[in-house]
Amino acid sequence: MKNLHIVAAASLVTCIQGFASVHKQQHVRSAPLSVSALEPPTLAAVGSNSDDRTPLRQGSYVALVTPMTPTGAIDLQQLRTLLQFHLQAGTDGLCILGTTGEAAVMTMAERKAVLDVAVEEVKGKIPILVGTGTIDPEHVKEQTLQAIDCGCDASLVVTPYYVKPPQRALIKHFETMADLGLPVCIYNVPGRTGVDFLPESIGQVAGHPNIVAVKEATGDVSRVAQIQDACEKNGYKRDELLLLSGDDGTTDEFVLQGGHGCISVTANVAPSAMHQLMMSALKKDMDDVKRINSPLTNLHRDEFIEANPIPIKWAVKRIGQIDSSYLRPPLDELAPEFQGTVESALRDAGLI
């Protein structure tokens, strides 16, 4: 697993041409964190445009919803409240402006406002992983450069959807985005994108100093060993990459099989439980994993009773963390006939 530290800051070159301000940094490789080192460290907050970055680490990352008013405006004050809720609950990392955050229907100005709040509230305390992936590579670059300028820690780059690039094109895409200088977490979710970035291809890009993690959302826990085998085959360490589950229903087994954590929808409403679940799974404490995960099982399932993030946003409102479950078109708020199902799952989890 790569641990990302700035080892030289003597020379920064600012090039303003189109999208400018690409900050490069050197990285060193290190052994994976021991379980004893998994609890969030106490770090001083840094300035919003600092080049200091908090390395991605093991544990539970919340795929955060974006709170909105009933008229669809982003509610930045409630966003601050949500971020503090996650800090206090022990969430290990923040994944913001992803699918769950409705980033696809936000302007660049709105994205900046959200990122600025996130940096102000949690910079240096937990890693800030920002969704910057989309179908057009130029837009991916634009959003990644914005994340760099805002002071974020890493980018979550999904495989370009709908157009179904071949493996060689996906390899080039991820290496190109990693060349921008911000650490990259590859996001593989073929159920949404229509293309699967195969373990063999992941192994080929694992040596790039800025490709540091994979969010694997196929629900196939055998991918853990397949990716590790592919890294080894290409001359890298088996744990070269941080492997994060993107499927709440199989996250426990994913980590028990050798993964390092999750990017979780469930963590929006059960952040403490998801943190504890990941700590126990990393320790291979199967009894504790079962004890923690059993009450969450229905929630893992029913938060996808309609398209994500429709049910989870309603659930976050139901537990009192936001005032409105409004989603921007083309999505809509949770249908009344499904609300009872989600409420029952929240009750089973002890959250209401």
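Within every chain, residues take consecutive numbers counted from 1 along the sequence as written. Per-residue local features of the predicted model are confined to residues with pLDDT of at least 70, and side-chain atom pairs are confined, for both listing and counting, to 80 or more; whole-chain, interface and lining totals are unaffected and use all residues. The side-chain quantities take in all heavy atoms of the structure and omit both hydrogens and water.

### Considerations on unusual backbone geometry
To keep it simple, the criterion reads: By the criteria applied, helices consist of DSSP H or I runs no shorter than four residues and strands consist of E runs no shorter than two, each listed in order from the N terminus. Three labels apply to residues, based on accessible area from a 1.4 Å probe with only protein chains included: buried if under 20% of the type maximum, exposed if over 50%, partly exposed otherwise in between.
Residue Asn-308 is joined to Pro-309 through a cis peptide bond whose omega torsion reads 10°. Of note, the amide linkage connecting Pro-329 to Pro-330 takes the cis form, showing an omega dihedral of 15°. Topologically, Pro-330 is positioned in the loop between helix H12 (310-318) and helix H13 (336-348). Positive phi outside glycine occurs at Glu-102, with the angle close to 60°. One can find Glu-102 in the loop between strand S4 (93-96) and helix H2 (108-122). The exposure class of Glu-102 is buried, given its relative accessible area of 5%. For Lys-284, which is not glycine, the phi torsion reads 60° and is therefore positive. Inspection of the secondary structure puts Lys-284 in the loop between helix H9 (271-282) and helix H10 (286-293).

### Observations concerning the confidence of the model for the protein
Worth spelling out the cut-off: The predictor reports its confidence for every residue as pLDDT, a score running from 0 up to 100. The contact rule is simple, with two residues in contact once any of their heavy atoms fall within 4.5 Å.
Mean pLDDT over the protein: 89, with 86% of residues reaching 70 or higher. Residue range residues 4-50 is modelled with pLDDT below 50. Its contacts to residues more than four positions away, or to other chains, number 95 contacts.

### A closer look at the packing of aromatic side chains
Threshold: Aromatic pairs are defined between Phe, Tyr and Trp rings, using the six-membered ring for Trp, whenever the two ring centres lie within 6.5 Å; interplanar angles under 30 degrees are classed as stacked, those over 60 as edge-to-face, and all others as tilted. Counted as over-ring charges are cases with an Arg CZ or a Lys NZ within 6 Å of the ring centre that also lie within 35 degrees of the ring normal.
As enumerated under the stated definition, the model contains one aromatic pair in all. Ring plane angle 40° and centroid distance 5.0 Å describe the contact between Phe-174 and Phe-197, whose orientation is recorded as tilted. Here Phe-174, found in helix H4 (residues 167-178), pairs with Phe-197, found in the loop between helix H5 (190-193) and helix H6 (199-205); they are 23 residues apart in sequence, far enough to count as distant. Taking the relative accessible area as the measure of exposure, Phe-174 reaches 0% and is therefore buried. The ring of Tyr-187 has Lys-215 lying over it, and the distance from NZ or CZ to the ring centre is 4.1 Å.

### Structural notes on the pattern of salt bridges
In a structure, side chains of opposite charge can pair up when their charged atoms sit close to one another. How we decide: Each reported salt bridge corresponds to a side-chain nitrogen of Lys or Arg within 4 Å of a carboxyl oxygen of Asp or Glu.
Inspection of the entire model under this criterion finds 15 salt bridges. Asp-229 is the partner of Arg-238 in a salt bridge, and the nearest nitrogen-oxygen pair spans 2.6 Å. The exposure class of Arg-238 is partly exposed, given its relative accessible area of 32%. For Asp-229, a relative accessible area of 39% gives the class partly exposed. Across the pair Arg-291 and Asp-288 runs a salt bridge whose closest N-O atoms are separated by 2.7 Å. Placement of both Arg-291 and Asp-288 in helix H10 is noted, with a separation of three residues, approximately one turn of the helix. Here Arg-291 falls in the exposed class, since its relative accessible area comes to 54%. Connected through salt bridges with shared partners, the residues Arg-80, Glu-120 and Glu-121 form a single ionic network.

### So, the sheet that holds strand S10 (residues 261-264)
Defined as follows: Pairing between two strands is assigned when DSSP locates at least 2 bridges connecting them. Where helices are involved, their axes are fitted lines through C-alpha atoms of the stretch in contact, as for all axes, and angles between N-to-C directions lie from 0 to 180°.
Pairing within the closed barrel is parallel, and its eight strands lie in the order S3-S4-S5-S6-S7-S8-S9-S10. This sheet shows a mean twist of 25° between the axes of neighbouring strands, independent of strand direction. Pairing of strand S3 (residues 59-63) with S10, which is carried by four bridges, proceeds in the parallel orientation. When the bridges of S10 are listed, Gly-59 appears paired with Gly-261.

### Describing the packing of H12 against H13
To keep it simple, the criterion reads: Under this scheme an angle from 65 to 115 degrees is roughly perpendicular, one under 35 degrees roughly parallel, and one over 145 degrees roughly antiparallel; angles in between are oblique. What makes a crossing left-handed is the near helix being turned counterclockwise from the far one by less than a right angle; a clockwise turn instead makes it right-handed. Following the grouping adopted for this structure description, the nonpolar residues are Ala, Val, Leu, Ile, Met, Phe, Trp, Tyr, Cys and Pro, the charged ones are Asp, Glu, Lys and Arg, and the polar ones are all others, Gly among them.
Two elements in contact, H12 and H13, have axes separated by 10 Å at closest approach and are oriented at 60°. With respect to each other, H12 and H13 are oriented oblique. Viewed along their axes, H12 and H13 form a crossing whose handedness is right-handed. Mapping the contact onto sequence places Pro-311, Trp-314, Ala-315 and Arg-318 in H12 and Gln-339, Val-342, Glu-343, Leu-346 and Arg-347 in H13. By residue class, the composition of the contact of H12 with H13 is five nonpolar, one polar and three charged.

### So, the environment of Val-205
Residue position: Val-205 is located in helix H6. With relative accessibility at 0%, the residue Val-205 sits in the buried group. Beyond its immediate sequence surroundings of up to four residues, Val-205 is in contact with Ile-171, Glu-175, Ile-186, Phe-197 and Ile-211.

### Quick word on the side chain of Asn-308
Topologically, Asn-308 is positioned in the loop between helix H11 (297-302) and H12. The exposure class assigned to Asn-308 is buried, which follows from its relative accessible area of 8%.

### Some details on the nonpolar core
The following threshold applies: Put simply, a nonpolar core is a bunch of buried Ala, Val, Leu, Ile, Met, Phe, Trp, Tyr and Cys residues held in one set by side-chain atoms that sit within 4.5 Å of each other.
Core analysis: the largest hydrophobic core is formed by 82 residues, its most contacted members being Leu-94 and Ile-96. Ignoring anything within four residues of it in the chain, the contact list for Ile-96 reads Leu-64, Val-114, Leu-115, Ala-118, Ile-128, Leu-129, Val-130 and Gly-131. Core analysis: the second largest hydrophobic core is formed by 17 residues, Val-158, Ala-217, Leu-242 and Leu-244 among them.

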